[in-house]
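Overview (structure and organization)
Letter by letter, the chains look like this.
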Amino acid sequence: MWNEVFRELQNVSQHCNGLFEWDLSMEEKWGSAWRECAKCNQSIYRSKMFNLYEEVASIKRGRRAAKINLGLQVGLQHTPISTASYRKICMASNIPPPSVSSLQHTSNAISEKIEEENMRDLQRQREKIKRIKSYAGKILMLLTFKLTVYTIIIFILALGRPLFNQQPSVLIL
Ligand SMILES: [Zn+2]
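Residues numbered from 1 in each chain as written. Predicted model: local features only at pLDDT ≥ 70, side-chain atom pairs only at ≥ 80, totals over all residues.

- The chain has the name Mutator-like transposase domain-containing protein in an unreviewed UniProt entry, where Mytilus coruscus is given as its organism.

Okay, structure coming up:
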């Protein structure tokens, strides 16, 4: 951003020795994402607005969500911290907190996605358990078959052999 602004100012006014600063009157805040523009403190130069955040890729038309806002909600939904507590932490750390309405808005959008993802994850777990059960069933069948065969073999061998010692007892006269 700054490289672009310096280059632009050199094209507009090569002899200006002004310093850049944020134009706070133009500042825009969406949750925890900021849009800013730079101004020269000695001339009328104003840059275009710059997103100071990364956007989430989307095929939908209109403003794209900021990664930081979505990431924050994912984090909040995986911890017991409420949005009110998060705002208090921000304020205690001297960080401008996102508004309650913007947090709520992003939370609603994220909840649906998390629910969808959880359902997909459950489906994957179910498929995995099915596979394990089917595999375990096959192994059990194989073991039962082997055991039956061994039992039959032992039984057949046992038939050919006297169960008790049939030798006549020796009479001592
Ligand atoms: Zn200037």
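Read on, since the account is not over.
1. A short note on the UniProt feature "transmembrane region" (unreviewed entry) in the chain
- Sequence positions flagged by UniProt for "transmembrane region" (unreviewed entry) are, in local numbering, residues 135–159.
- End-to-end, the C-alpha atoms of residues 135–159 are 36 Å apart, and along that stretch the chain is 100% helix and 0% strand. (UniProt positions renumbered as here; feature names shortened; annotations may be inferred. Helix = DSSP H or I, 4+ residues; strand = E, 2+ residues; numbered from the N terminus.)

2. Remarks on helix 2 (residues 67–77)
- Among all positions in helix 2, only Asn69, Leu72 and Gln73 are buried. Buried residues along helix 2 cover an arc of 95° about the axis, so they all sit on one side.
- Tucked into the core, helix 2 has its buried residues touching strand 2 (28–30), strand 3 (33–36) and helix 4 (100–159). (Buried ≥ 20, exposed ≤ 12 C-beta atoms within 10 Å, placed from the backbone. Arc of directions from axis to C-beta. Contact = placed C-beta atoms within 7 Å.)

3. Brief notes about the sheet that holds strand 5 (residues 50–51)
- Across the sheet, three strands lie side by side as 2-3-5; this open sheet has antiparallel pairing. Two strands close off the open sheet at either side, each with one partner strand: strand 2 and strand 5.
- With two bridges connecting them, strand 3 and strand 5 associate as antiparallel partners. The residue bridging Arg35 from the neighbouring strand is Asn51, located in strand 5. (Pairing = 2+ DSSP bridges.)

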